[in-house]
Amino acid sequence: MDLRKRLIAIHLWIGLLSGLVVMILGLTGCILVFVDEIKPLVYADRMHVSSTSGETLSMNVMMQKAQGIWGKDKPVSALEIDNDPIQTWHFRAYRENDSKAGNWYWHEKKFYESLFMNPYTGELVFHEQSEFEFFRVILYLHWSLLLKTELGQPVVGVVTLLYVISLLTGLYLWWPKNKKARRVRFWFKWKKNTGLKRRNYDLHNILGFYVMSLGLIIALTGMMWAFPMLDRGVQNVLNLSESPKKTKVAMVHSLPEPKSSGLDFIFKEIKKKYPTAKAYHFYFPAKQMSTVTVLASYDQTFKTVTNRYDVLSGQLLETSRFEDGRIGEKFSAMNYDIHTGNILGLPGKILAFLGSMISASLPLTGFLIWYNRKKGKRI
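Attention here is on the structure that accompanies the text. (Residues numbered from 1 in each chain as written. Predicted model: local features only at pLDDT ≥ 70, side-chain atom pairs only at ≥ 80, totals over all residues. Heavy atoms only, no water.)

1. As for the layout of surface pockets
And then number 1: When its volume is computed, the second largest pocket comes out at roughly 920 Å³.
And then number 2: What lines the second largest pocket is a set of 34 residues, among which His11, Leu173, His204, Gly366 and Ile369 lie closest to the centre.
And then number 3: Among the secondary structure elements, those contributing two or more residues to the lining of the second largest pocket are α1 (3–33), α6 (149–174), α8 (196–210) and α13 (345–374).
And then number 4: It is α1 that contributes the most residues to the lining of the second largest pocket, 12 residues altogether.
And then number 5: Of the residues that constitute the lining of the second largest pocket, the class distribution is 21 nonpolar, 10 polar and 3 charged. (1 Å grid on protein atoms, 1.4 Å probe; cavity = no way out; pocket = protein on both sides within 12 Å on 5 of 7 lines; lining within 4 Å. Points joined across faces, edges and corners; volume = space filled by probe spheres on them. Helix = DSSP H or I, 4+ residues; strand = E, 2+ residues; numbered from the N terminus. Nonpolar A, V, L, I, M, F, W, Y, C, P; charged D, E, K, R; others polar.)

2. Re the nonpolar core
And then number 1: Met59, Phe91, Phe282 and Val292 are the most contacted members of the largest nonpolar core, which totals 30 residues.
And then number 2: Of all the secondary structure elements, the ones that give two or more residues to this core are α4 (59–70), β1 (78–82), β2 (89–96), β3 (109–117), α11 (262–273), β6 (279–283), β7 (291–297) and β8 (305–310).
And then number 3: Take this core: its biggest share by element is 5 residues, from α4.
And then number 4: With near-sequence residues (within four places) excluded, Val292 lies in contact with Leu263, Ile266, Phe282, Tyr283, Phe284, Asn307, Arg308, Tyr309 and Val311.
And then number 5: Core analysis: the next-biggest nonpolar cluster, separate from the first, contains 16 residues, Val22, Leu167, Met212 and Ala219 among them. (Core = buried A, V, L, I, M, F, W, Y, C linked by side-chain atoms within 4.5 Å. Buried < 20%, exposed > 50% of the residue type's maximum accessible area, 1.4 Å probe, protein only. Contact = heavy atoms within 4.5 Å.)

The structure is reproduced here in structure tokens:
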């Protein structure tokens, strides 16, 4: 068997074995690329307030109201405050499940709920069971096929690797041998009497060629999450000898501010420091500790600034910024934005959407080519 026949066999069996999962990853990827734009439209009733008159309530008051709804058994784990004043405040309560029972992703957490609250009145707008929220289900279908991370992520990683091999073998098989072949390989030369099987063949080959670079970028960045060792290895190769430049402040134990105003003081400081941030995310430790992690997030996630504060005093303990990291850490931080195309803004997202959509179509058009040939219905 010559090389071409071997590659045809490899390309065929990879497509048959991994095609369904590739279609799932591609279609869910199309949704996730624009999830930040879709959510405010679909969930406008829970994410927006009807009026912004007056001042917002203090964070401490809002925390007490949220905690009163959940009770002491479900402490507030995180709070997201959008910089847009028309947005509700988004409280989260989640706890990892200590039990190893179950294989599905929703078995990973004992509970995961969200409260969308009006910061001007303190009223509850919507109580969400977040494990079953549509876009989270789509996320975990893309992330681990709805399986627990340790089960689903390796499967997704292996399928993604197979997809990369499929793209490379497909490129070899596509490559035109002569000038005459080139005329029909780069664009559609359809006529009115061109049959459906020929159109399908061209869709698979021509779109497959044009999606090659996008597909490889999306696949390789996805593999960085599926295989943490790959992420660490890339970082180690790229990292230079210098250490990250992080601003660290020694913890103090005096209380210049009253205990009840710690979070409000921190919120005021973080807004003053990062006034153009898209949102501010507060993450509270599971155990009772006096520190809180606050993220000032931007449209491009790698620009997020992470700060750690002493809650009681409002003292800044540590700041971590993208520009302070080494080359490998910067590349890892940009991985999400590269994967979704967000690194290039809206044009990049459109490219990622098209890349995901075409990637999802390739297993189907490839299967139809194989099926037609198997039945002796050659093009």
